[in-house]
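# Secondary and tertiary structure notes
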Amino acid sequence: MMLAADRLFDPDPAQKTAAMDLYALVQGLPIISPHGHVDPSLFSDPERRFENPTELLIQPDHYVLRMLYSQGISYEQLLSKENPRQVWQLFAENFYLFRGTPSGTWMTHELETVFEVNEKLNGDSASRIFDQIEIALLSPAFSPRSLFEKLKIEVLATTDAATDQLKHHETIRSSDWGGRIIPTFRPNAVANINTPGWSKNIQALSEVSNIDVTNHASFIRALEQRRSHFKSLGATATDFSPPSPRAEWLPGKKANSIFQRALKGEVSSRDATRFSAHMVCEMARMSTEDGLVMQLHPGVFRNHNPEVFSSYGADRGFDIPIQSEFTYNLQPLLESFGNHPNFSLLLFTMDESTYARELAPLAGAYPSVKLGPPWWFNDSWNGIRRYFDQVMETAGMYNTVGFNDDTRAFLSIPARHDVWRRAAANWLAGLLVRRVIDRQEAESMVMDLAVGLAKKAYRLA
Amino acid sequence: MMLAADRLFDPDPAQKTAAMDLYALVQGLPIISPHGHVDPSLFSDPERRFENPTELLIQPDHYVLRMLYSQGISYEQLLSKENPRQVWQLFAENFYLFRGTPSGTWMTHELETVFEVNEKLNGDSASRIFDQIEIALLSPAFSPRSLFEKLKIEVLATTDAATDQLKHHETIRSSDWGGRIIPTFRPNAVANINTPGWSKNIQALSEVSNIDVTNHASFIRALEQRRSHFKSLGATATDFSPPSPRAEWLPGKKANSIFQRALKGEVSSRDATRFSAHMVCEMARMSTEDGLVMQLHPGVFRNHNPEVFSSYGADRGFDIPIQSEFTYNLQPLLESFGNHPNFSLLLFTMDESTYARELAPLAGAYPSVKLGPPWWFNDSWNGIRRYFDQVMETAGMYNTVGFNDDTRAFLSIPARHDVWRRAAANWLAGLLVRRVIDRQEAESMVMDLAVGLAKKAYRLA
Amino acid sequence: MMLAADRLFDPDPAQKTAAMDLYALVQGLPIISPHGHVDPSLFSDPERRFENPTELLIQPDHYVLRMLYSQGISYEQLLSKENPRQVWQLFAENFYLFRGTPSGTWMTHELETVFEVNEKLNGDSASRIFDQIEIALLSPAFSPRSLFEKLKIEVLATTDAATDQLKHHETIRSSDWGGRIIPTFRPNAVANINTPGWSKNIQALSEVSNIDVTNHASFIRALEQRRSHFKSLGATATDFSPPSPRAEWLPGKKANSIFQRALKGEVSSRDATRFSAHMVCEMARMSTEDGLVMQLHPGVFRNHNPEVFSSYGADRGFDIPIQSEFTYNLQPLLESFGNHPNFSLLLFTMDESTYARELAPLAGAYPSVKLGPPWWFNDSWNGIRRYFDQVMETAGMYNTVGFNDDTRAFLSIPARHDVWRRAAANWLAGLLVRRVIDRQEAESMVMDLAVGLAKKAYRLA
């Protein structure tokens, strides 16, 4: 066995015992996954199977790919479809690179809990483990739908472009299968007007909405129409990723004149920035009206490595975080809607320096603001610990929203929730042994961190 | 009993034992409170009594109010004077929101140590506890003056506007009561020229100083006159909160022309910024002359929520921190006075990213610079731990100034100092069990952190 | 004995035992010192001796000096050559200021391990300890060369101006002494065109390179020539410290016109910034051609205290860190060379907020980027712990480069490496008791952190 029962917990015996007791309460609870990037097509066809271990575990996981690339292994080798066993061998030989990383922890968890792999992955064991997984994947027990149930996923939210027709969601919904898979409205590719391919996206928006998008007003109407369609298929939230959290209302005329320039392909960098800032406000306004929870994800320099982007596309590990500023940037938005009873704004960041300084004070005061969990690189063991450390005292736990796995790698969902649940139990055990809370409080809090807060914040109950 | 003797200390038995030994040395020492916002009128009338639990413990404490507001409870309900018992009940039912927060820790400490409340505050116990406190408050033993003595406060500094006549301080000083309560000179409302009501403040400054403030020169003279008056009533320090730590000397003409525009109500945002930067230098210059210690508190966006501000005023939990930069901003000030033997500059921040990067290196080099304690949101258990972690190795403990409670809530003073003393003992115990210091050193250091450093830095000995 | 065998390790018994086991594997390994500021002249003459304790341990160490200065002790007193014993006495009486600081830890380590001083340094013991060291220094066993061997330094890289003739390196290399001391190419004084004395430096560059530096092209040729000379004397790396990590290619004409203005002494602040940014790119380009590893050290405000600078010169504790931004600033550089197989870029920072946000993601993706160790103020016990905490999960340990001591104080080299090795063992022990890695992994990792990563990254094997 690779996975020790007491893994990750702090070593002090009193704290570890308390942590294990708390963890036992939540270890087996269903998984609420309110934000992620799993492909819904996995679940629309009951006969769908995963291919081989390489296509399942390595090639879709840019956390894994970028680490190998950082050590000089080429994307050409890694993404080859010709010899999956060879790619797997290369991965296994270099699996030592993941020592002490969350990807290493998750991968080991997936191998053992899903495929019962009980030996260490390395060059020697690579081929045996490949065989073991490949054989398992042939069985119906390892179909995406079966795994969804086996892994006890209660609800899984995908992330879908505003222009997505949501065919797979419709199919799943109208099938007799009971898995709850819901879309999330993601307007990035139409709301950030300097997105490559923006005009095509607008054309697609016209088509899918049956609204001829020719100006700012019709653009807004089309977005409202799409949000309504997403809602009808179970969506409870949106997910917007502008370059910065800056919010700024533009007068209708101004907004439209920028939109017109964008339609003509004459967008300046300043236009794009201001329009995104305006869309932050518009998305909030729509949320107050239709009740969809608003997630805001700023602060990333996308596709930092043009050579990798042009050869291998997006999501190859080269989205690099940048500094963010929330206090000034969000003020115009919160001036408009911060006290609105129907508005719920979930803030995410990659800039931990904003946790204690800006985000916790905002969440600890505005009724509409809650803090999303540590995200992306930061849902690691220490990343989660730093979040509890820097956020909770000021924001208060009840102004946070539990966990997101935010993953493209379906099998990593339970692994990631397990790390979160252990980290939550460990944090609460720390408060318990320091007498800051009592056992009854700790038990209630660990349940909320595992399931309750996410259900409530995402209006999934 | 709610308060365990070993609360807050790290769980490792060796460290905890060492921490408890060190804490025992300082637990009962008198309290030095060199920076806070308690109302001096509490102490000028010997017959003064606190009202009910709600007016004492909830309504003046914006830490408590903003957390309740963040969960959708309205300020209208919370600030109502009509039915204090009802507000208390509402607070008690929602006291679970404070789990793991410093406000929760402080409140429990106040209830038990001051009022001997030994049961948990919640909806069931609310009314009983209300009665218990209300009865106590009728007794002379719970008058502000009696509590001041019972809580062993050796000196309490208030914070007072430059235009304050300090009548209560005069009354206290000329009474036969021995409590040492001293003012602190706070020029914010006259030195930040874009303060709402600035002209009125300047008029008040003219009146109180008997100097006709019509230009920059008379403004400076009036401030000097006020500082001198504050000193005569025991003040040893000033407290200036400009928007940023930027320091810039303006030539006299330039400073005066901005001042003249301000008098005419024609202040630009740039004027205000430059004038505040100039006043940072002027305040320092005055300190080198009159020996008042200069406290600098930059980096806050005040009254971030205009709706709450217009209905319920300032100090409602919506002052939100912002990023600060000290290295460049303070250089002109330190070029002028950084090596001056009579100058003492205490720096505070809400931006922890500056602790190790800027503040500790500055304090560890300039003889005039010392670091104020973790402040505001950051005087929590973990906030203090992060301060010790990130500041002490580079600045050296002797370039820090002990603790400030910085509170408006009188009864929270001992609770806050208790957390600081425990945190200091715990930090030193950590150094002791790691053999970085020996016991004799730890004992000397814990005494200095509890009392000695504050006395020395604020020239209170 | 002042130094306990288990010093610095975390107190939990399980973790401490594991840490001591891991530390035992690396405690006695040779020291790789690939980046520092020791004077090579110490080693070129076999008869060279250190003077007295004050000139050896206090006066060259600006970490020590600035702490004493920060408490009001003047540089005039501290730097006096007249009575070394008096300076030592003053230092000893104030040695309590270093409690809990890395300088305190290092000094105690040096006194005990090199000079067998077994009593605490203070006013009483000062004179005895002075005698003890002074006598030792007379012995050949305490010559720089002997100490180099005794301290088990396998390789020591110095840092040398681009214009340095490297006479001492030549002498050492052509001697029969086997100590490996290599230069590092540091172009700061010629590449940052607003450096005081720049024209003289350019003249010196012309002379030493035999290339008449009259324009940008000849400047570049001269740098290339110097790099080649450094390489011939064993250099494997360069070390550039621009004000910010900004990289920007200037067209040749533009670069030359700035260079011409610089030659005429007409440099604007904008010119200097852009030229430094251009030199970041040029230095990288040269590295891809000659294989020298590129170190980048941005983010410091040099000589912050003009009064101290004008009286006592540079390196007096007044280089104060500033915020840095790497994601945007480095993109043009990484677009050019980030995927180049021959390029190796080691990034250093004083701005810890960039560790998890920018540096670890960059190092965890680009094959050319590695992270330098915590540097300068941050190679303290807690600074190293924060580095492991914030960097390793995202970057992966194999994208870091082990330790640099970066010191001017020769005797502090083993003390600093000892702290690093203990911190590494303690970090790995933490992962081990949390079951994140197993013992075999921990043993391999601790060896790499102590020696292997530095050798590989600096191409010293």
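Everything discussed here concerns the structure shown above.
Residues numbered from 1 in each chain as written. Chains lettered and ligands numbered in written order. Predicted model: local features only at pLDDT ≥ 70, side-chain atom pairs only at ≥ 80, totals over all residues. Heavy atoms only, no water.

All names here are of chain C. Under the 1.5 Å per step criterion, the end-to-end length of helix H7 (residues 102–115) is 19 Å for 14 residues, consistent within 8% with the ideal 20 Å. Of all 14 residues in H7, 12 are buried, a share of seventy percent or more. All of the buried residues in H7 are Pro102, Ser103, Gly104, Trp106, Met107, Thr108, His109, Glu110, Leu111, Glu112, Val114 and Phe115. Once H7 ends, the next one or two residues include Glu116, with phi positive near 55°. (Helix = DSSP H or I, 4+ residues; strand = E, 2+ residues; numbered from the N terminus. Expected span 1.5 Å × (residues − 1). Buried < 20%, exposed > 50% of the residue type's maximum accessible area, 1.4 Å probe, protein only.)

The next subject is the sheet that holds strand S4 (residues 181–182) of chain B. Residues and elements named next belong to chain B. If you walk across this open sheet you meet the 3 strands as S1-S2-S4, and the pairing is parallel. Here the strands that pair on one side only, and so sit at the sheet edges, are strand S1 (31–33) and S4. Of the pairings in the sheet, the one linking strand S2 (residues 153–157) to S4 comprises 2 bridges and is parallel in character. Bridge pairing in S4 links Leu156 to Ile181. Here helix H19 (residues 412–433) sits on the sheet and contacts S1 and S2; the angle it forms with S1, its principal contact strand, is near 105°. (Pairing = 2+ DSSP bridges. Contact = heavy atoms within 4.5 Å. Axes fitted to C-alpha atoms, helices over the stretch in contact; angles between N-to-C directions.)

Time to look at empty space enclosed by the protein. One number sums up the size of the second largest cavity: a volume of about 80 Å³. As for the second largest cavity, its lining consists of 13 residues, of which Gln323 and Ser353 of chain A, Gln323 of chain B together with Gln323 and Ser353 of chain C are closest to the centre. Where the lining of the second largest cavity is concerned, the elements lending two or more residues are helix H18 (353–363) of chain A, helix H17 (353–363) of chain B together with helix H18 (353–363) of chain C. When grouped by side-chain class, the residues that make up the lining of the second largest cavity number no nonpolar, 7 polar and 6 charged. (1 Å grid on protein atoms, 1.4 Å probe; cavity = no way out; pocket = protein on both sides within 12 Å on 5 of 7 lines; lining within 4 Å. Points joined across faces, edges and corners; volume = space filled by probe spheres on them. Nonpolar A, V, L, I, M, F, W, Y, C, P; charged D, E, K, R; others polar.)

What follows covers the pairing of strand S6 (residues 237–240) of chain A. Residues and elements named next belong to chain A. Alternating positions in S6 separate into two faces, Ala237 and Asp239 on one and Thr238 and Phe240 on the other, with burial throughout. Direction of pairing for S6 relative to strand S7 (residues 293–296): parallel, over a ladder of 4 bridges. Directly across from Asp239, in S7, lies its bridge partner Gln295.

What follows covers the packing of helix H13 (residues 216–232) of chain A against helix H15 (residues 269–290) of chain A. Residues and elements named next belong to chain A. Interaxial distance between H13 and H15 falls to 11 Å at its minimum, and their mutual angle equals 45°. It follows from the interaxial angle that H13 and H15 lie oblique. In terms of crossing hand, the pair formed by H13 and H15 is right-handed. Counted together, His216, Phe219, Ile220, Leu223, Glu224, Arg227 and Lys231 of H13 and Phe275, His278, Met279, Glu282, Met283, Arg285, Met286, Ser287, Glu289 and Asp290 of H15 form the full contact between these two elements. A per-class count over the contact of H13 with H15 returns 7 nonpolar, 3 polar and 7 charged. (Parallel < 35°, antiparallel > 145°, perpendicular 65-115°, else oblique. Left-handed = near helix turned anticlockwise from the far one by under 90°.)

With that out of the way, let us pick up the pattern of salt bridges. Under the defined criterion, the tally for this structure stands at 85 salt bridges over all chains. Here Arg285 of chain B ties to Glu224 of chain B by a salt bridge, and the two come within 2.8 Å at their closest N and O atoms. Placement of Arg285 of chain B in helix H14 (residues 269–290) and of Glu224 of chain B in helix H12 (residues 216–232) is noted, with a sequence separation of 61 residues between them. In this structure, the salt-bridge partner of Glu352 of chain B is Arg386 of chain B, at a minimum N-O distance of 3.0 Å. Of this pair, Glu352 of chain B sits in the loop between strand S10 (345–347) and H17 while Arg386 of chain B is found in helix H18 (residues 381–395), placing the two residues 34 residues apart along the sequence. With relative accessibility at 10%, the residue Glu352 of chain B sits in the buried group. Exposure remark for Arg386 of chain B: the relative accessible area of 5% places this residue in the buried category. It is possible to trace a salt-bridge network through shared partners that takes in Glu224, Glu282, Arg285 and Glu289 of chain A. (Salt bridge = Lys/Arg side-chain N within 4 Å of Asp/Glu carboxyl O.)

Our next topic: the relation of the copies chain A and chain B. The operation relating chain A to chain B is a screw motion whose rotation component is 120°, with 0.1 Å of axial translation and a residual RMSD of 0.0 Å. As the rotation angle and translation indicate, the two copies are arranged about a three-fold axis. When you check the interface residues of chain A against chain B, a mere 7% turn up at the interface there too, and the two sides of the contact use different surfaces. (Least-squares fit on C-alpha atoms with pLDDT ≥ 70 in both.)

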